[in-house]
Amino acid sequence: MTATSNTTTAPSHLLRIADLTATQLYAMLDLADDMKDGSTWWTAPQNGTVLACLFDRPSTRTRVSFEAAAHRLGMTPIMLRPDELLLARGEPLADTARVLSSYAAAIVVRTFAQATLEELAEAASVPVVNALTDAHHPCQALADLLTLRRHYGYLDGLRIAYVGDGNNVAHSLMEAGALAGMHVAVSTPLGYEPDHDVTRRALTLAAEHGGSIQLGHDPHSAVAGADAVYTDAWVSMEEDAERERRLRDFKAYQVDDVLMRAAAPGAVFMHCLPAHRGLEVAASVIDGPSSVVWEQAANRLPTEQAALHMLIDGPHRSGE
């Protein structure tokens, strides 16, 4: 399935993957393909404009990829920490959104609560991009799908198994896979399942687009026959107090060579990074021939570049 971009309406914001239509999703992936392959036609429109990047939490891939994407589009990225803004002194979030909108062509936000992001987007008069919240990580999912499509040549009907914590990465992967007509199996320990409302929305999208969503607790069952096996860290930076409990709960969910052998022949391994060898993944897997992890990380740049261009300027493509 591919999008016809000249009939695609650009989304207002990118707060979660489920806010996109399938056509918009494929249009972003098509545009990212063009950008990754080195086209330069899209650089001029944003020459001299500003990208405001409001980051409440640390980052490596997200910060650098958005800064690089902005520069490639001719934009000037301005990185903003909470302690540098008057938000720390009680200025309302809506007021900050209105002010940033008067300076910038778009606002990229990496924060904790999805509600914070949504409040800012409600007040902003320019596109707002979710660079990660506790609930969703849409930019990662876009990079994941581009990686899979460039590897296999298609998405529709692919089977992907996610093993581990039913977190923001799992949520966005479920929504993206559902929109793309993929079959997504998620395996988590008891008590770590994906959010119920996110799951319900993904099930609806999957039914509409010919895919499927399956939840369970047996990693071997989830991985059986999968074209891709995906995992994430067991302990995020804000969960250190739960570290010992989480390490016990997730012990049986490591992606190792035995688990990878249950997948389809030629299956790839995926991880959003940072990775912890010897915990959620064996070193032999992430550093082995099945790993596409580094391509995933590299694909954050063209997909974010495409998302910014589409949000700001519309879904134009080379040659139109």
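Residues numbered from 1 in each chain as written. Predicted model: local features only at pLDDT ≥ 70, side-chain atom pairs only at ≥ 80, totals over all residues. Heavy atoms only, no water.

Considering unusual backbone geometry
Okay, so step 1: In this model, leucine 273 is joined to proline 274 through a cis peptide bond whose omega is 5°.
Okay, so step 2: Here proline 274 is to be found in the loop between β9 (268-271) and α11 (283-286).
Okay, so step 3: If you check the backbone angles, leucine 132 has positive phi at about 135° while not being a glycine.
Okay, so step 4: Looking at the secondary structure, you find leucine 132 in the loop between β4 (128-130) and α5 (138-152). (Helix = DSSP H or I, 4+ residues; strand = E, 2+ residues; numbered from the N terminus.)

Observations regarding the nonpolar core
Okay, so step 1: Formed by 64 residues in total, the largest nonpolar core has its most connected members in Leu51, Val108, Leu148, Leu155, Ile160 and Leu308.
Okay, so step 2: Examining the composition of this core, we find that nine residues originate from one element, helix α1 (residues 22-36), more than from any other.
Okay, so step 3: When neighbours within four sequence positions are excluded, leucine 148 is seen to be in contact with Gly153, Tyr154, Leu155, Leu158, Ile160, Met182, Ala228, Val268 and Met270.
Okay, so step 4: Grouped together as the second largest cluster of nonpolar side chains are 21 residues, Val223, Ala263, Ala275 and Ile286 included. (Core = buried A, V, L, I, M, F, W, Y, C linked by side-chain atoms within 4.5 Å. Buried < 20%, exposed > 50% of the residue type's maximum accessible area, 1.4 Å probe, protein only. Contact = heavy atoms within 4.5 Å.)

Looking at the packing of helix α2 (residues 61-72) against helix α13 (residues 300-313)
Okay, so step 1: Running from N to C, α2 and α13 point in directions that differ by 55°, and their axes come no closer than 8 Å. If you check the angle between α2 and α13, you find them oblique. Our pair here, α2 against α13, has a crossing hand that is right-handed. For the pair α2 and α13, the contacting residues are Arg61, Thr62, Ser65, Phe66, Ala68, Ala69 and Arg72 in the first and Arg300, Leu301, Glu304, Gln305 and Leu308 in the second. (Axes fitted to C-alpha atoms, helices over the stretch in contact; angles between N-to-C directions. Parallel < 35°, antiparallel > 145°, perpendicular 65-115°, else oblique. Left-handed = near helix turned anticlockwise from the far one by under 90°.)

A short note on helix α7 (residues 196-209)
The periodicity of an α-helix, 3.6 residues per turn, causes residues three or four positions apart to be oriented the same way.
Okay, so step 1: Counted at 1.5 Å a residue, the expected span for α7 with its 14 residues is 20 Å, and the 20 Å between its end C-alpha atoms agrees.
Okay, so step 2: Summarising the contacts, the buried residues of α7 are in contact with α6 (168-179) and β7 (212-216).
Okay, so step 3: At the exit of α7 stands glycine 210, carrying a positive phi of roughly 85°. (Expected span 1.5 Å × (residues − 1).)

Focus: the packing of aromatic side chains
Okay, so step 1: Tallied over the full model, the rule gives five aromatic pairs.
Okay, so step 2: With centroids separated by 5.8 Å and ring planes inclined at 40°, the aromatic side chains of tyrosine 162 and tyrosine 230 adopt a geometry described as tilted. Placement of the pair is tyrosine 162 in strand β5 (residues 159-163) and tyrosine 230 in strand β8 (residues 228-231), with a sequence separation of 68 residues. Across this residue pair, the class does not change: tyrosine 162 and tyrosine 230 are buried.
Okay, so step 3: These aromatic residues form a ring-pair network of at least three members: Tyr192, Trp234, Phe250 and Tyr253. (Phe/Tyr/Trp six-rings, centres within 6.5 Å; stacked < 30°, edge-to-face > 60°.)

Notes on the pairing of strand β3 (residues 106-110)
Okay, so step 1: Where burial is concerned, most of β3 is hidden: five out of the five residues are buried.
Okay, so step 2: Burial of the side chains of β3 extends over both faces: Ala106, Val108 and Arg110 are buried on one face and Ile107 and Val109 on the other.
Okay, so step 3: Sheet analysis places strand β1 (residues 50-55) next to β3, joined by five bridges and oriented parallel. Following the sheet pairing, phenylalanine 55 is matched in β3 by arginine 110.
Okay, so step 4: Alignment of β3 against β4, held across three bridges, turns out to be parallel. Note that in β4 the partner of valine 108 across the bridge is valine 129.
Okay, so step 5: Following the backbone out of β3, through helix α4 (residues 114-123) and into the adjacent parallel β4, one traces a crossover that is right-handed. (Pairing = 2+ DSSP bridges. Right-handed = clockwise from strand over helix to strand, strands pointing away.)

A short note on the sheet that holds β1
Okay, so step 1: Taking strand neighbours across the sheet as the criterion, the four strands line up as β2-β1-β3-β4 in an open arrangement whose pairing is parallel. At either margin of the open sheet sits one strand with a lone partner, and together these are β2 (76-80) and β4. Within the sheet, the average angular offset between the axes of one strand and its neighbour, ignoring direction, is 20°.
Okay, so step 2: In the packing of α4 onto the sheet, contacts are made with β1, β3 and β4, and the angle to β4 comes to roughly 170°.

Section: the environment of leucine 215
Okay, so step 1: If you trace the backbone, leucine 215 turns up in strand β7.
Okay, so step 2: Using a relative accessible area of 42% as the deciding quantity, one classes leucine 215 as partly exposed.
Okay, so step 3: Separated by 53 residues in sequence, leucine 215 and tyrosine 162 place their C-alpha atoms 9.6 Å apart.
Okay, so step 4: Look past the residues within four positions of leucine 215 in its chain and what remains in contact with it is Met174, Val186, Pro194 and Thr199.

A short note on the side chain of glutamate 304
Okay, so step 1: With respect to the helices and strands, the residue glutamate 304 is situated in helix α13.
Okay, so step 2: Leave out the neighbours within four places in its chain, and glutamate 304 touches Thr62, Ser65, Phe66, Ala69 and Cys139.

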